[in-house]
Amino acid sequence: MARAHLFGTPVSPGIAIGTIRFLHVEAVPEMRRILPSEVEAEKGRLLEAMEAVREDLKTAMGKVPADMQEYREIIAAQVEMTRDPKLVNSTCQMVEQEHVGAAWALSKVVSQLVEVFRSLDDPYLKDRAQDVRVVGMRILNRLSGASRTHASDTNLILAAEDVSPADIMDLDVRSIRGIVTREGGITSHTAILARGMHIPALVCVTNLLVAARDGDTVIIDGLGGNVLISPSEEDTQDYSRREKAYAAWQASTRDTARWPADTRDALRVGVLANVEHASEAAELSGVGADGIGLYRTEFAFLKEVMPSEEELFEEYATVVRDAPGHGAIRTLDVGGDKLTRAQEAVREANPALGLRGIRFTLHNQDLFKSQLRALLRAAASSPEQGRLRILLPMISMVEEVRAVKRLLQEVDQELSMRGIAHAASVPLGIMVETPAAVFITDQLARECDFFSIGTNDLIHYLMAIDHNNMRVAYLAEAMHPAVIRSLKRIIDTGHREGLSVSACGELSSDPFGVVLMLGMGIDALSVSPPFLPGIKHLIRQLDAQACTELASQVLLSSDIRACKHLVNEMLQKVLGHELAFLTSTVMGARA
Ligand code: PEP
Ligand code: MG
């Protein structure tokens, strides 16, 4: 194929050179008229194909390696999709009423369903359009008798409209070097899979299906967003060099991950992990985490059935047992863009400003008390006192903290009366993430034991922007003086009142945020585990005194661009070419 330079959105960092292998046979069925007497047989063919795909997917599910268990859930959702009444009934109806072939009817129904999902605002549901497409494509392939690609080559770069976990399980995982897709978004399976497999991936690659053919040599650049089809010798050498330099940087940050994060002038900064599944806790010492700064408890509650207290206890006890240091477990933070089934039924006009986080749990005290009981019980499961900490989300009033303390007392009494082992009290902290909390940090500090700054929400609420609205995305500006001053105020007030202050939003893994918050005296940064080695490496290159001087300059300035320039200068000075590696690692993996 001719040489071509395409562009895409990197969703998993790194560079890979290999042979392109297209997944899925593109099946665009022809419209075929059938006789009324053929309707039943045609429907039978369809149901058989669906059954066969269901079995294929179940086989793929059985092949998911132990360290990739989350993909089982994705494949399980696709298994369910093969029996989705909308998909099955609508297709059968079309065959019956319009006397058309099953393949044609199915492709029409799949297109309609894809459009319905795509039109939804919620980015998670929007991305579910790909489950419908993947399942639809598999059934169509079955109906047409086409077999899927079973490639045996090594150094494969998978290419597709979309890649789903079951596709990967059909292949030899170790032979896959990278993924490129024409479709996909920030939460697409491609992105999740590639990050889990630590291979580069780009989505939304324009012209991919036109410019590339099976067997072409391709370079994919998950650091810069380039895709080079049939590259020149010069390009191949250049990218091989970059690939090696990046791999060496990754290896060296991983090798030093367990070293403490001490700045050049010997200031120790805690580096903690943001975690969402209990099973991740055991792996944290490998990436050098000092503990868990934020354990998000939402996942157990977003399933069909509410979790029991016993299940929650097991989950939190695992976190405390396996975490390398303390574990700050945040109470349920649903609402906003994270809705439970119950909340979906009573949609609020403005959920981000509605019954979210602590507001929701204080309004649903049975559920909240079950979580608090599980937490106090899990705290006692560790012989070391204070390993489990409770963190409260979305606090905007002192009364909310007091109400939680009252509930904790009630729960303590209940558990004592029932003779159940538990901790009578645990360190209690709050997320500082609403503008109201920023202004009453002194009062809040007297009610709790530690602060954790939720920079994601803090920036959105301070700047009054809806984070799903791309038109105002430019205002999500961490260097805005309102954000900078808020951070300073939270850290200073917390320290004055004797509290430790950490930060757990994305700004903690943004090199700019690291420099500034370190300069303001933050005690610890809590980041997603893959970023930990790189962030610790950065901290070790910084001089805390120089960061403090820089933060003071930034605090006095109203010129955001000039401030960014100053911070960038310092980062360039201390990291040089490594800055690009760090930035793309953090940005790619975050997407
Ligand atoms: C935050 O708001 O910064 C945060 C860490 O919480 P979440 O992203 O879970 O709302
Ligand atoms: Mg938050």
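What you are looking at is a predicted structure, and each value in this text was computed from that prediction instead of being measured.

(A) Expanded view of the pattern of salt bridges. The tally for this structure, following the rule as stated, stands at 35 salt bridges. The salt bridge involving E51 is made with R54; its shortest N-O contact spans 2.7 Å. With a gap of three residues between them, E51 and R54 both fall in helix α1 (residues 39-62), about one helical turn apart. Here R446 makes a salt bridge to E497, at a shortest N to O gap of 3.4 Å. Of this pair, R446 sits in the loop between α17 (441-445) and β14 (450-453) while E497 sits in the loop between α19 (481-496) and β15 (500-503), and the two are 51 residues apart along the sequence.

(B) Quick look at the packing of α1 against helix α6 (residues 129-144). At a minimum axis separation of 9 Å, α1 and α6 run at an interaxial angle of 120 degrees. If you check the angle between α1 and α6, you find them oblique. In the packing of α1 onto α6, the handedness of the crossing is right-handed. Seen from α1, the contacting residues are R45, L46, A49, M50, A52, V53, D56 and L57; seen from α6, they are R138, I139, R142 and L143. Partitioned by chemical class, the residues of the contact of α1 with α6 number eight nonpolar, no polar and four charged.

(C) Spotlight on the coordination of the magnesium ion (ligand 2). Around the magnesium ion (ligand 2), the donor atoms from the protein are E433 (OE) and D457 (OD), and they sit 2.0 to 2.2 Å away. A residue pair is termed long-range when its members are at least 10 positions apart, and E433 in the loop between β13 (428-432) and α16 (435-439) and D457 in helix α18 (residues 455-463) qualify at 24 residues.

(D) Examining the site of ligand 1 more closely. Around ligand 1, 14 residues are found, and the nearest of them are R296, R330, G454, N456 and D457. A distance of 3.4 Å separates an oxygen atom of ligand 1 from a polar backbone atom of G454. Only β10 (292-296) and α18 provide two or more residues apiece to the shell around ligand 1. With three residues, α18 is the largest single contributor of residues to the shell around ligand 1. Split into classes, the residues belonging to the shell around ligand 1 amount to three nonpolar, four polar and seven charged.

(E) Molecular detail of the packing of helix α20 (residues 511-519) against helix α21 (residues 532-541). Relative to each other, α20 and α21 sit at 45 degrees, their axes nearing to 11 Å. By the angle between their axes, α20 is oblique relative to α21. Here α20 and α21 pass one another in a crossing that is right-handed. When α20 is examined against α21, the residues P511, V514 and L518 are found in contact with a partner set consisting of I535, L538 and I539.

(F) Structural view of the sheet that holds β13. Taking strand neighbours around the barrel as the criterion, the eight strands line up as β9-β10-β11-β12-β13-β14-β15-β16 in a closed arrangement whose pairing is parallel. Neighbouring strand axes in the sheet, compared pairwise and without regard to direction, differ in orientation by 25 degrees on average. When β10 meets strand β11 (residues 327-330), the two strands line up parallel, connected through three bridges. Considered in β11, the bridge of Y295 is made with I329. Packing of helix α11 (residues 309-322) onto the sheet brings it into contact with β10, β11 and β12 (388-392), and relative to β10 it is tilted by some 165 degrees. Its contacts with the sheet place helix α15 (residues 398-417) against β12 and β13, and it is angled at close to 150 degrees to β13.

(G) Summary view of α6. In a regular helix each residue adds 1.5 Å, so 16 residues correspond to 22 Å; α6 covers 22 Å between its end C-alpha atoms and thus fits that length. Most of α6 is tucked away, with 14 of its 16 residues classed as buried. Trailing α6 by a residue or two, G145 shows a phi angle of about 80 degrees, which is positive.

Thresholds, definitions, all that
- Residues numbered from 1 in each chain as written.
- Chains lettered and ligands numbered in written order.
- Predicted model: local features only at pLDDT ≥ 70, side-chain atom pairs only at ≥ 80, totals over all residues.
- Heavy atoms only, no water.
- Salt bridge = Lys/Arg side-chain N within 4 Å of Asp/Glu carboxyl O.
- Helix = DSSP H or I, 4+ residues; strand = E, 2+ residues; numbered from the N terminus.
- Axes fitted to C-alpha atoms, helices over the stretch in contact; angles between N-to-C directions.
- Parallel < 35°, antiparallel > 145°, perpendicular 65-115°, else oblique.
- Left-handed = near helix turned anticlockwise from the far one by under 90°.
- Contact = heavy atoms within 4.5 Å.
- Nonpolar A, V, L, I, M, F, W, Y, C, P; charged D, E, K, R; others polar.
- Donors = N, O, S within 2.8 Å, 3.2 Å for Na, K, Ca; no water.
- Near = heavy atom within 4 Å.
- Polar contact = N/O pair within 3.5 Å; in protein donor to acceptor, adjacent residues only side chain to side chain.
- Pairing = 2+ DSSP bridges.
- Expected span 1.5 Å × (residues − 1).
- Buried < 20%, exposed > 50% of the residue type's maximum accessible area, 1.4 Å probe, protein only.

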